[in-house]
Amino acid sequence: MSSPVAVEVVGLSKVLRQMKQIDPDLVAQIKAANRDIADDVVTTARTLSPKETGTLAGSLRPGATNRTGIVRAGSRKVPWAGPIHFGWRARNIKPNPFLYDAFDERRDDVEDRYLAAMLKIAGSLD
């Protein structure tokens, strides 16, 4: 089973504050890049999620903050998203880490897109 992946940028808060002072739109561009990349991971996760009814795949949605892209699964109407993904030993449900797998499939693309987004933003500072 894959483990969660995180990229940490040391000093990100300071960078975001400084960017907001230079041009508030720069932070909005970062958030938009985070959401676009999360949307691509959601697209891949939909192809990898269990398809018994399609309800779980339909509950996948992207989100973003200034700091990260977010992939959400489940809702009040789809409370089984977590047990399907992580498993539930007491109920004999084996993990199906389709979200982690989707990110793993897109890892190189995600890195390339973040780099391209940051270079585009840096280029707009000239």
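Just so you know, these numbers come straight off a predicted model, no measurement behind them. (Residues numbered from 1 in each chain as written. Predicted model: local features only at pLDDT ≥ 70, side-chain atom pairs only at ≥ 80, totals over all residues. Heavy atoms only, no water.)

### Thoughts on a positive patch on the surface
Thinking step 1. Together, Lys31, Arg35, Arg61 and Arg72 give the surface a local cluster of positive charge.
Thinking step 2. Relative to the helices and strands, Lys31 is located in helix α2 (residues 24-48). (Patch = residues over 30% accessible without salt bridge, like charges linked within 9 Å, V, L, I, M, F, W, Y side chains within 5 Å. Areas by Shrake-Rupley, 256 points an atom, 1.4 Å probe, with all protein chains shown as cover. Salt bridge = Lys/Arg side-chain N within 4 Å of Asp/Glu carboxyl O. Lys, Arg positive; Asp, Glu negative; His and termini not counted. Charge placed at Lys NZ, Arg CZ, Asp CG, Glu CD. Helix = DSSP H or I, 4+ residues; strand = E, 2+ residues; numbered from the N terminus.)

### Digging into the confidence of the model for the protein
Thinking step 1. In the predicted model, the protein carries a mean pLDDT of 88, and the fraction of residues at 70 or more is 91%.
Thinking step 2. The element-level mean pLDDT for the protein is lowest in helix α1 (residues 12-22), coming to 74, with strand β1 (residues 61-64) highest at 97. (pLDDT = per-residue confidence, 0-100.)

### Looking at the packing of aromatic side chains
Thinking step 1. Scanning all chains against the criterion turns up 1 aromatic pair.
Thinking step 2. With a centroid separation of 6.1 Å and 75° between ring planes, the pair formed by Phe86 and Tyr100 is classed as edge-to-face. A residue pair is termed long-range when its members are at least 10 positions apart, and Phe86 in helix α4 (residues 81-86) and Tyr100 in helix α5 (residues 98-123) qualify at 14 residues.
Thinking step 3. When its relative accessible area of 17% is taken as the criterion, Tyr100 is described as buried. (Phe/Tyr/Trp six-rings, centres within 6.5 Å; stacked < 30°, edge-to-face > 60°. Buried < 20%, exposed > 50% of the residue type's maximum accessible area, 1.4 Å probe, protein only.)

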